[in-house]
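Summary of the model geometry
Given next are the chains, with one letter for each unit.
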Amino acid sequence: QVQLVESGGGPVQAGGSLRLSCAASGSIYWHLGRNYCMGWFRQAPGKEREGVANIDTDGRTTYADSVKGRFTISLDNAKYSLSLQMNSLHADDTGMYYCAADSRASCTWGGFDYWGQGTQVTVSS
């Protein structure tokens with residue numbers, strides 16, 4: 001199995017920044033291999049979970065329109081470590097942020113097999 005643990009969430013004022021991190025552990029190489037995909041999702045109260053950003057081991061990234069130009073996803077391939085730099089935060093960025101991973105070489109928003117427990121981001125206006 002693969003365990004994912006997120007960190008870095010917390011309260012922040014609108015316009016501020018946060019950096020989220022996700023560390024993978026367990027039988028990582030067995031389940032994810034060398035070419036894999038990781039991503040960030042979020043869920044606000046009363047809303048469905050939505051994709052925020054994803055990245056594959058070739059460095060190809062996809063962002064939700066709502067975060068383009070403000071958020072940057074990065075991946076340390078060798079360490080299976082994922083980050084999300086969030087700048088110019090808005091109140092509607094508030095939510096639980098989840099890290100996800102999958103053994104696919106190319107990312108899509110669906111089909112992630114492994115999920116973390118989430119880290120809460122609260123943006124006050």
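Refer to the structure presented above.
This is a predicted model, so every value here is computed, not measured.

1. Re unusual backbone geometry
Although it is not a glycine, Tyr 80 sits at a positive phi angle of roughly 50 degrees. Relative to the elements of secondary structure, Tyr 80 occurs in the loop between strand 7 (71-76) and strand 8 (81-86). By relative accessible area, Tyr 80 is classed as buried at 9%. Unusually for a residue other than glycine, Ser 88 sits at a positive phi of about 50 degrees. Mapped onto the elements, Ser 88 comes out in the loop between strand 8 and strand 9 (95-102). The exposure class assigned to Ser 88 is partly exposed, which follows from its relative accessible area of 39%.

2. Focus on the state of the cysteines
Counting across every chain of the model gives two disulfides. Two residues, Cys 22 and Cys 99, share a disulfide whose sulfurs are 2.0 Å apart. Handedness of the Cys 22-Cys 99 disulfide follows from its S-S torsion of about -75 degrees: it is left-handed. Taken together, the positions of Cys 22 in strand 3 (residues 18-26) and Cys 99 in strand 9 put the pair 77 residues apart, joining distant regions of the chain. Judged by relative accessible area, which is 1%, Cys 22 ranks as buried. Under the relative-accessibility criterion, Cys 99 is labelled buried at 0%. One disulfide bridge connects Cys 37 with Cys 107, the sulfur atoms lying 1.8 Å from each other. The chirality of the disulfide connecting Cys 37 with Cys 107 is right-handed, given an S-S dihedral of about 125 degrees.

3. A few points about the sheet that holds strand 8
Within a sheet, adjacent strands bond to each other through the backbone by hydrogen bonds, running parallel or antiparallel. Strand order in the open sheet made by the four strands is 1-3-8-7, with antiparallel pairing throughout. Where the open sheet ends on each side, the last strands, each with one partner, are strand 1 (2-7) and strand 7. When the angles between neighbouring strand axes are averaged without regard to direction, this sheet yields 15 degrees. By the bridge criterion, six bridges tie strand 3 to strand 8 in an arrangement that is antiparallel. Across the sheet, the residue bridging to Ala 23 is Ser 81, located in strand 8.

Thresholds, definitions, all that
Residues numbered from 1 in each chain as written. Predicted model: local features only at pLDDT ≥ 70, side-chain atom pairs only at ≥ 80, totals over all residues. Heavy atoms only, no water. Helix = DSSP H or I, 4+ residues; strand = E, 2+ residues; numbered from the N terminus. Buried < 20%, exposed > 50% of the residue type's maximum accessible area, 1.4 Å probe, protein only. Disulfide = S-S within 2.5 Å. Pairing = 2+ DSSP bridges. Axes fitted to C-alpha atoms, helices over the stretch in contact; angles between N-to-C directions.

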